Amino acid sequence: MVPPARKVARAGGQRGDRDGEADGGEADPCELRGAVQAVGGLLAAQRDGQPLGRARLARVPAEQGGCPEDIPLPKAEPIPQQHWAIAQHWITQYGRDLVACLLSRDWVKRETGLRRLAREVVRILEVANINGEYSEKTERAWKCCAEMLSTMIEDKVFKVYLAAVRAFRALLNFLPCRDDVQLQQIRSQLRPIIQSMLVKCADGNTRISTTSTEALVQLCRGQEGEFCLGKHVRGGLTHGLGGIDFIVPTVLEERDLKSVSWQWIMGRLVLLENIIKDLPNDFSLNHKNAHANFARLMKVIDFTFQNLGSTHSTVARIARKVFILAARNTACDNKTFGQVWELLGAL
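The structure presented is a predicted model; accordingly, all values stated were derived computationally and were not measured. (Residues numbered from 1 in each chain as written. Predicted model: local features only at pLDDT ≥ 70, side-chain atom pairs only at ≥ 80, totals over all residues. Heavy atoms only, no water.)

(A) Representation of the overall build of the protein chain. Across its full length, the protein chain carries 14 helices and 0 strands. The secondary structure elements of the protein chain, listed N-terminal to C-terminal, are α-α-α-α-α-α-α-α-α-α-α-α-α-α. Going through the 347 residues of the protein chain one by one, you find that 51% of them count as buried. Entry remark: accessible area of the protein chain is about 16,500 Å², with carbon and sulfur atoms responsible for 48%. (Helix = DSSP H or I, 4+ residues; strand = E, 2+ residues; numbered from the N terminus. Buried < 20%, exposed > 50% of the residue type's maximum accessible area, 1.4 Å probe, protein only. Areas by Shrake-Rupley, 256 points an atom, 1.4 Å probe, with all protein chains shown as cover.)

Below, the structure is given as structure tokens:
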């Protein structure tokens, strides 16, 4: 079934002709040779210590607290018949009025519905935290909220999308996690949201792509980031979501690259570029976690290497940039750096 947010959204959109669609077919050998020469030259420059430029990322504003009733729900049109199957489950947890707003054709009502949803789920989790009782009702409520957000995060209108991202952060900040079993449940429930945000990193609307990238970078920071798990849970948490050890495997999940869209690939490349710059200690071979960093770094190099010869010019350009960033971190180890050069030779 096509997510409701895809059908009702009216504005925004993915990169199209502005960034160039893939032309299809084999990459031109001359272009590949040119890419090899360019990457090789830049790699040499990086090994000699010449710096790369650094993008400035916009921060996602903090979610406002308060009573849910402070955000009154406008009267929305009846829920369309094609959305009724998914709406029924949502209604049992959050009521018909809120769900009708989320599925409205009016983006202002969708935005309002998401702001109200954030406060509703926060109140439920706050009450459970204060009472020290984590009931099945509480679990159903937050899981339903995550399911709703996995649909609404697809919205193409920036203000609606931003409201969904804020609601996602509110859910994370107030969600408790006490053991590994619960952590796996939370990861499984939130993974579809993160996967959608990865694609949004390549969105044609700059505000959407920047917001997506910054939010995912914060997730990579783990319990030190703004999207940390259980930030407002009394007594703190013994478990976090996993930070970069959770996000990077999601970014680099095994897929046939010929079967996915260029946005799927580009969004991941954009995020990789930013986390290598923003979290250098997680990719450094001179760090105390050098063994784990080495494995992570080589997976990134392998992923970007596969896209150096992409027929989509923008994908190829960003892949080249990320490859250089990752390969630069291997310069301190001659053996590893030599392996990277051998990869280039294979092109």
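From this point on, the discussion continues.
(B) A look at the state of the cysteines. Throughout the structure, instances matching the rule amount to 0 disulfides. No disulfide involves Cys-220; its sulfur sits 9.8 Å from the nearest other cysteine sulfur, which is in Cys-201. Look at Cys-220 and you get buried, because its relative accessible area is 4%. (Disulfide = S-S within 2.5 Å.)

(C) Quick look at the nonpolar core. Among the nonpolar cores identified, the biggest contains 98 residues, and Phe-168 and Ile-275 are the most heavily contacted of them. At 13 residues, helix H7 (residues 158–174) tops the list of elements feeding residues into this core. Excluding residues that lie within four positions of it along the chain, Ile-275 makes contacts with Val-217, Cys-220, Ile-244, Val-248, Pro-280 and Phe-283. (Core = buried A, V, L, I, M, F, W, Y, C linked by side-chain atoms within 4.5 Å. Contact = heavy atoms within 4.5 Å.)

(D) Representation of the packing of helix H6 (residues 136–152) against H7. Two numbers describe how H6 lies on H7: the axes approach to 10 Å, and their chain directions differ by 155°. By the angle between their axes, H6 is roughly antiparallel relative to H7. Where H6 crosses over H7, the handedness of that crossing is left-handed. Where H6 approaches H7, its residues Trp-142, Cys-145, Ala-146, Leu-149 and Met-152 are matched on the opposing element by Val-160, Ala-164, Ala-167, Phe-168 and Leu-171. Among the residues making up the contact of H6 with H7, the classes are represented as 10 nonpolar, no polar and no charged. (Axes fitted to C-alpha atoms, helices over the stretch in contact; angles between N-to-C directions. Parallel < 35°, antiparallel > 145°, perpendicular 65-115°, else oblique. Left-handed = near helix turned anticlockwise from the far one by under 90°. Nonpolar A, V, L, I, M, F, W, Y, C, P; charged D, E, K, R; others polar.)

(E) Structural view of helix H10 (residues 244–251). Burial within H10 is extensive, with 6 of its 8 residues counted as buried. Within the sequence span of H10, burial applies to Ile-244, Phe-246, Ile-247, Val-248, Thr-250 and Val-251. Contact partners of the buried residues in H10: helix H8 (180–200), helix H9 (206–220), helix H11 (262–278) and helix H12 (290–305).

(F) Main features of the packing of H6 against H8. Taken N-terminus to C-terminus, the directions of H6 and H8 make an angle of 15°; their axes are 9 Å apart at the nearest point. Comparing their axes, H8 and H6 come out roughly parallel. Handedness of the crossing formed by H6 with H8: left-handed. Within the contact between the two elements, H6 uses Glu-139, Trp-142, Lys-143, Ala-146, Leu-149 and Ser-150 and H8 uses Gln-185, Ile-186, Gln-189, Leu-190, Pro-192, Ile-193 and Ser-196.

(G) How the structure looks around the packing of aromatic side chains. For the coordinates displayed, the defined rule picks out 1 aromatic pair. A cation over a ring is seen here: Lys-200 above Tyr-161, with NZ or CZ 5.3 Å from the ring centre. The ring of Phe-283 carries the charged tip of Arg-296 above its face, separated from the ring centre by 6.0 Å. (Phe/Tyr/Trp six-rings, centres within 6.5 Å; stacked < 30°, edge-to-face > 60°. Lys NZ or Arg CZ within 6 Å of the ring centre and 35° of its normal.)

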